[in-house]
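Chain by chain, the residues:
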Amino acid sequence: MKSNPLQKRRFQPGSLTRADLQAILAARTPAEIENVRRQAHAVLLEHCGPEVYYRGLIELSNDCSRDCLYCGIRRSNRELKRYRLSEAELVEAGRWCADQGYGSVVLQAGEQHRPSFIREIAASVRRIKLATIRPTLPEGLGITLCLGEQTRAAYKLLRAAGAHRYLLRIETSNPDLFARLHPREQRWTTRLQCLRWLRAAGFQVGSGVMIGLPGQSIADLAGDIEFFMAEDIDMIGMGPYIPHAGTPLGQAATLSAPERLRLSLLMIAATRLALPDINIAATTALQVLDAEGREKGLHFGANVLMPLLTPGAHRGDYLLYPGKPLQDETALAWRAAFEARLLALGRRIGRDQWGDAPRARK
Ligand code: 5AD
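Residues numbered from 1 in each chain as written. Predicted model: local features only at pLDDT ≥ 70, side-chain atom pairs only at ≥ 80, totals over all residues. Heavy atoms only, no water.

Novice: Would you mind going over the nonpolar core with me for this structure?
Specialist: Soluble, globular proteins show a tendency: their nonpolar side chains are buried together. Counting residues in hydrophobic clusters, the biggest one holds 102 residues, and the most contacted among them are Leu145, Leu158, Tyr166, Phe203 and Phe228. Ranked by the residues each element gives to this core, the list is headed by helix 9 (residues 257–274), at 10 residues. Not counting residues up to four positions away in its chain, the partners in contact with Leu158 are Ile118, Ile121, Ala122, Leu145, Leu147, Ala163, Tyr166 and Phe203. Formed by 9 residues, the second largest nonpolar core is a distinct cluster that contains Cys146, Met235, Val304 and Leu308. (Core = buried A, V, L, I, M, F, W, Y, C linked by side-chain atoms within 4.5 Å. Buried < 20%, exposed > 50% of the residue type's maximum accessible area, 1.4 Å probe, protein only. Helix = DSSP H or I, 4+ residues; strand = E, 2+ residues; numbered from the N terminus. Contact = heavy atoms within 4.5 Å.)

Laid out in structure tokens, this is it:
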């Protein structure tokens, strides 16, 4: 039998070429995939350690002024009950996290542009920070925001309020593909501008992409990782594209679920090898394709997990895509089972810490 070099190939952490990225994404046999996974995992342990950091995910509103062709909470979707959590609910969720030893929360919402929205979020950020100061967390919870494209002034206001990380996915590094996934009013160049404003405002900046989009090539995915390198991204949240039948893109042909899972895990591994000291999340969408999708993500080089804390009454209304697991991840039984699986993988929870990426601390 002809031996396949990909089973043995060693990659140079921190200096992956375009050819390396494409080779990794082409891994198919169990031996090839395991070779990539093992190297990514070793690089993770060396540069970030075995800790997995929790970010309690609070989806504070599903109102959205955008109409992305793939997303279940797009403004044209009339099937949804739109909601907004109160400040008291946000503070309560924050307190719960701090009490549990989760060092951080993510406040996520559909994109909204009323100036009062940003002022209200800034006020909630301040209240959460104050309410979560503990001997174990002298500066309160770490707060990550995920509120889409905003003005430079809005980003400055939110940073001044005390949030210190912001996630804004580029969705795809290919501007032509981006244009096919969004209405004309949304521009790839605006996304990029926003990422740079976020950095200038003093945020640690996160970005990410969807994997397995209709019309997306392996070269596009390799380009996504090159984009993360070029923009010096501190943290990544990326996951498989999940077709949503209630959206314009929902019927378009795409890769099979196993292919999207394989590529998503290889994207995590390749990103870890390319950028050894960043944070990478094992995202919820992975779990739509595999009951242990997030654990697999952690095994392929991810080190952040975002347990869903959105109150039960609203959890089903924040459906970006179908099949989102809606189990109560605040339940002790879920957490105990999850943490047991982590320990079995040689990992542990990083408690009472913000868990910033080593790169961001430099
Ligand atoms: N499948 C996977 N991810 C999706 N998102 C939105 N819709 C989908 C979908 N159908 C992701 C986008 C967005 C993030 C909040 O959710 O990448 O940035």
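Novice: Help me understand the site of the ligand in this model?
Specialist: The environment of the ligand is formed by Tyr70, Cys71, Arg169, Glu171, Met210, Pro240, Tyr241, Ile242, Leu320 and Tyr321. Between the ligand and the protein, one listed contact pairs a nitrogen atom with a backbone N or O atom of Tyr70 at 3.0 Å. Side-chain polar atom of Arg169 to an oxygen atom of the ligand: 2.8 Å apart, as the coordinates give it. Within the complex, 88% of the 410 Å² of free accessible area of the ligand lies under protein. Under a 2 Å grid-point criterion requiring more than half of the atoms, the pocket assigned to the ligand is the largest cavity. Tallied by class, residues from the shell around the ligand come to 8 nonpolar, no polar and 2 charged. (Near = heavy atom within 4 Å. Polar contact = N/O pair within 3.5 Å; in protein donor to acceptor, adjacent residues only side chain to side chain. Areas by Shrake-Rupley, 256 points an atom, 1.4 Å probe, with all protein chains shown as cover. 1 Å grid on protein atoms, 1.4 Å probe; cavity = no way out; pocket = protein on both sides within 12 Å on 5 of 7 lines; lining within 4 Å. Sits in = over half its atoms within 2 Å of the grid points. Nonpolar A, V, L, I, M, F, W, Y, C, P; charged D, E, K, R; others polar.)

Novice: Help me out: how do you make sense of helix 2 (residues 30–48) in this one?
Specialist: Structurally, the α-helix is built with 3.6 residues per turn, so residues lying three or four positions apart point the same way. Taking 1.5 Å as the rise per residue, helix 2 with 19 residues should run 27 Å; its terminal C-alpha atoms sit 26 Å apart, in good agreement. By the burial criterion, the buried members of helix 2 are Glu32, Ile33, Asn35, Val36, Arg37, Gln39, Ala40, His41, Val43, Leu44 and Cys48. Elements in contact with the buried residues of helix 2: helix 1 (18–25), strand 1 (51–61), helix 9, helix 11 (293–299) and helix 14 (358–361). (Expected span 1.5 Å × (residues − 1).)

Novice: When you look at empty space enclosed by the protein in this model, what are you seeing that I'm missing?
Specialist: One way to see where empty space is left: roll a probe the size of a water molecule over the atoms. Within the structure shown, the criterion is met by 2 cavities of 30 Å³ or more. As a volume, the largest cavity reaches approximately 880 Å³. What lines the largest cavity is a set of 40 residues, and nearest its centre among them are Gln108, Cys146, Arg169, Glu171 and Leu320. The class makeup of the residues in the lining of the largest cavity is 23 nonpolar, 7 polar and 10 charged. (Points joined across faces, edges and corners; volume = space filled by probe spheres on them.)

Novice: I tried to follow helix 13 (residues 332–344) on my own but got confused; where do I start?
Specialist: The terminal C-alpha atoms of helix 13, which comprises 13 residues, lie 18 Å apart, in line with the 18 Å expected from a rise of 1.5 Å per residue. Buried within helix 13 we find Trp334, Arg335, Phe338, Glu339 and Leu342. In a view along the axis of helix 13, the buried residues occupy a sector of 120 degrees, so they form one face of it. In helix 13, the exposed residues that point more than 90 degrees away from the buried face are Leu332, Ala333, Leu343 and Ala344. Once helix 13 ends, the next one or two residues include Gly346, with phi positive near 80 degrees. (Arc of directions from axis to C-beta.)

Novice: Help me understand the packing of aromatic side chains, please; the structure alone is not making it clear to me.
Specialist: In this description, a pair of aromatic rings is defined by centroid distance and the angle of the planes. With the rule as written, the count across this model stands at 8 aromatic pairs. When the centroid spacing of 6.4 Å and the interplanar angle of 35 degrees are considered together, the rings of Tyr54 and Phe338 count as tilted. Taken together, the positions of Tyr54 in strand 1 and Phe338 in helix 13 put the pair 284 residues apart, joining distant regions of the chain. With relative accessibility at 2%, the residue Tyr54 sits in the buried group. Since its relative accessible area comes to 0%, Phe338 is described here as buried. Summarising the aromatic geometry, the rings of Trp96 and Tyr102 are spaced 5.4 Å apart at their centres and angled 85 degrees between planes, so their arrangement reads as edge-to-face. Feature note: the residues Tyr54, Trp96, Tyr102, Trp334 and Phe338 constitute an aromatic cluster, connected by ring pairs. (Phe/Tyr/Trp six-rings, centres within 6.5 Å; stacked < 30°, edge-to-face > 60°.)

Novice: Honestly, the environment of Ala23 in this entry has me stumped. Any pointers?
Specialist: Mapped onto the fold, Ala23 is located in helix 1. Taking the relative accessible area as the measure of exposure, Ala23 reaches 13% and is therefore buried. Spatially, the C-alpha atom of Ala23 lies 7.5 Å from that of Leu6, the residues being 17 residues apart in sequence. The contacts of Ala23, once residues within four sequence positions are left out, are Leu6 and Arg9.

Novice: Help me understand the pattern of salt bridges in this model?
Specialist: Between side chains of opposite charge, pairing is possible as soon as their charged atoms come close. Going through the model one piece at a time under the given rule, you end up with 27 salt bridges. Put simply, Arg28 and Glu259 hold a salt bridge, and the shortest N to O gap is 3.4 Å. Linking Arg28 in the loop between helix 1 and helix 2 with Glu259 in helix 9, this pair joins segments that are 231 residues apart in sequence. On the basis of relative accessibility, which here comes to 51%, the residue Arg28 falls in the exposed class. With its nearest N and O atoms 3.0 Å apart, the salt bridge here joins Glu59 to Lys324. Within this pair, whereas Glu59 is found in strand 1, its partner Lys324 is found in the loop between helix 12 (312–315) and helix 13, the two being separated by 265 residues in sequence. By relative accessible area, Glu59 is classed as buried at 4%. Owing to a relative accessible area of 8%, Lys324 belongs among the buried residues under this scheme. Here the residues in one salt-bridge network are Arg66, Glu111, Glu149, Glu171 and Arg191, joined through shared partners. (Salt bridge = Lys/Arg side-chain N within 4 Å of Asp/Glu carboxyl O.)

Novice: I keep staring at the pairing of strand 1 and nothing clicks. Help me out?
Specialist: The side chains of a regular strand alternate between both faces of the sheet. The buried fraction of strand 1 is high, at 11 of 11 residues. Across 2 bridges, the pairing between strand 1 and strand 10 (residues 348–349) is parallel. Its bridge partner being in strand 10, Val52 is matched across the sheet by Ile349. For strand 1 and strand 9 (residues 304–305), the ladder comprises 2 bridges, and the chain directions are parallel. (Pairing = 2+ DSSP bridges.)

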